[in-house]
Amino acid sequence: MEIVLIRHGKSEIDPSRNVGASDFGKWVEKYDQAGIDTNHRPTIEAFERAERCSFIVCSSIESAKALNIETLDMVSHLYRECEMPYANWNYPKLSIKSWSVLFRILQLVGYSSNAESYKAIKERIVKCTNQLTELSKEHESVLFIGHGT
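To keep things clear, this report deals only with the structure shown in the data block.

Parameters and conventions
- Residues numbered from 1 in each chain as written.
- Predicted model: local features only at pLDDT ≥ 70, side-chain atom pairs only at ≥ 80, totals over all residues.
- Heavy atoms only, no water.
- Helix = DSSP H or I, 4+ residues; strand = E, 2+ residues; numbered from the N terminus.
- Buried < 20%, exposed > 50% of the residue type's maximum accessible area, 1.4 Å probe, protein only.
- Contact = heavy atoms within 4.5 Å.
- Areas by Shrake-Rupley, 256 points an atom, 1.4 Å probe, with all protein chains shown as cover.
- Lys, Arg positive; Asp, Glu negative; His and termini not counted.
- Charge placed at Lys NZ, Arg CZ, Asp CG, Glu CD.
- Pairing = 2+ DSSP bridges.
- Axes fitted to C-alpha atoms, helices over the stretch in contact; angles between N-to-C directions.
- Phe/Tyr/Trp six-rings, centres within 6.5 Å; stacked < 30°, edge-to-face > 60°.

1. Remarks on the overall build of the protein
Stage number 1. Regarding its fold elements, the protein presents five helices and six strands.
Stage number 2. Of the regular secondary structure in the protein, the N- to C-terminal order runs β-β-α-α-β-α-β-β-α-α-β.
Stage number 3. With the C-alpha coordinates of the protein rotated into their principal frame, the extents come out at 50 × 35 × 20 Å.
Stage number 4. Taken over 149 residues, the protein has a buried fraction of 42%.
Stage number 5. Contacts in the protein between residues far apart in sequence, at least 24 positions, make up 74% of those at least 6 positions apart.
Stage number 6. With an accessible surface of roughly 8,900 Å², the protein has 53% of that area assigned to carbon and sulfur atoms.
Stage number 7. The protein carries 18 positive and 20 negative side-chain charges, and their two centres are separated by 8 Å.

Written as structure tokens, this is what we have:
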């Protein structure tokens, strides 16, 4: 039994600006809706690996299309990325990367404003893991392709 995980390439949204915490929340929403940058194609190895899997699970049809996969066996919102918390203040202005690290650390210690809690994330991860394990027992090789919400 085998589970292969492939995550999408670079997002179309620009992460290079400094923003306040509330604008970071707006950026996260745009990131979740953004497509994959078509200038950053999956590697040949990713295409070849995907072809060898017998069952395909996906959180985003766009990611499957990037790998030239036309038929998906399962598309489920359960496999979405972990939601990113954010606050509703405007200062200080930090980089997107700084806010991402800060809010992810805060989420690990219980902060979940505007997002699912760390406890809920862990419960969802257990469900996903169990489901992928069962699917891999049934189908031998399962490919999970992840992107966005």
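2. What about the sheet that holds strand S1 (residues 2-7)?
Stage number 1. The parallel open sheet is built from four strands, whose spatial order is S1-S6-S3-S4. With partners counted over all chains shown, the strands left at the sheet margins are S1 and strand S4 (74-75), one partner each.
Stage number 2. Together, S1, strand S3 (55-58), S4 and strand S6 (141-146) form the strand contacts of helix H5 (residues 118-139), whose direction differs from that of S6 by roughly 140°.

3. Structural notes on unusual backbone geometry
Stage number 1. The peptide bond linking Tyr 91 to Pro 92 adopts the cis configuration, its omega dihedral lying at 0°.
Stage number 2. Along the chain, Pro 92 falls in the loop between S4 and strand S5 (94-95).
Stage number 3. Of note in the backbone geometry, Asn 68 takes a positive phi value of approximately 60° without being a glycine.
Stage number 4. Positioned with a positive phi, Asn 114 is a non-glycine residue whose angle comes to about 70°.
Stage number 5. Looking at the secondary structure, you find Asn 114 in the loop between helix H4 (96-108) and H5.

4. Some words on the packing of aromatic side chains
Stage number 1. Counted by the stated rule, this structure contains eight aromatic pairs.
Stage number 2. Taken together, a centroid distance of 5.5 Å and an interplanar angle of 20° make the contact between Trp 27 and Tyr 31 stacked. Taken together, the residues span about one helical turn, with Trp 27 and Tyr 31 both in helix H1 (residues 21-33) at a distance of four residues. The pair Trp 27 / Tyr 31 is uniform in exposure class, with both members buried.
Stage number 3. Residues Phe 103 and Tyr 111 carry aromatic rings whose centres are separated by 5.9 Å and whose planes lie at 20° to one another, so their mutual orientation is stacked.

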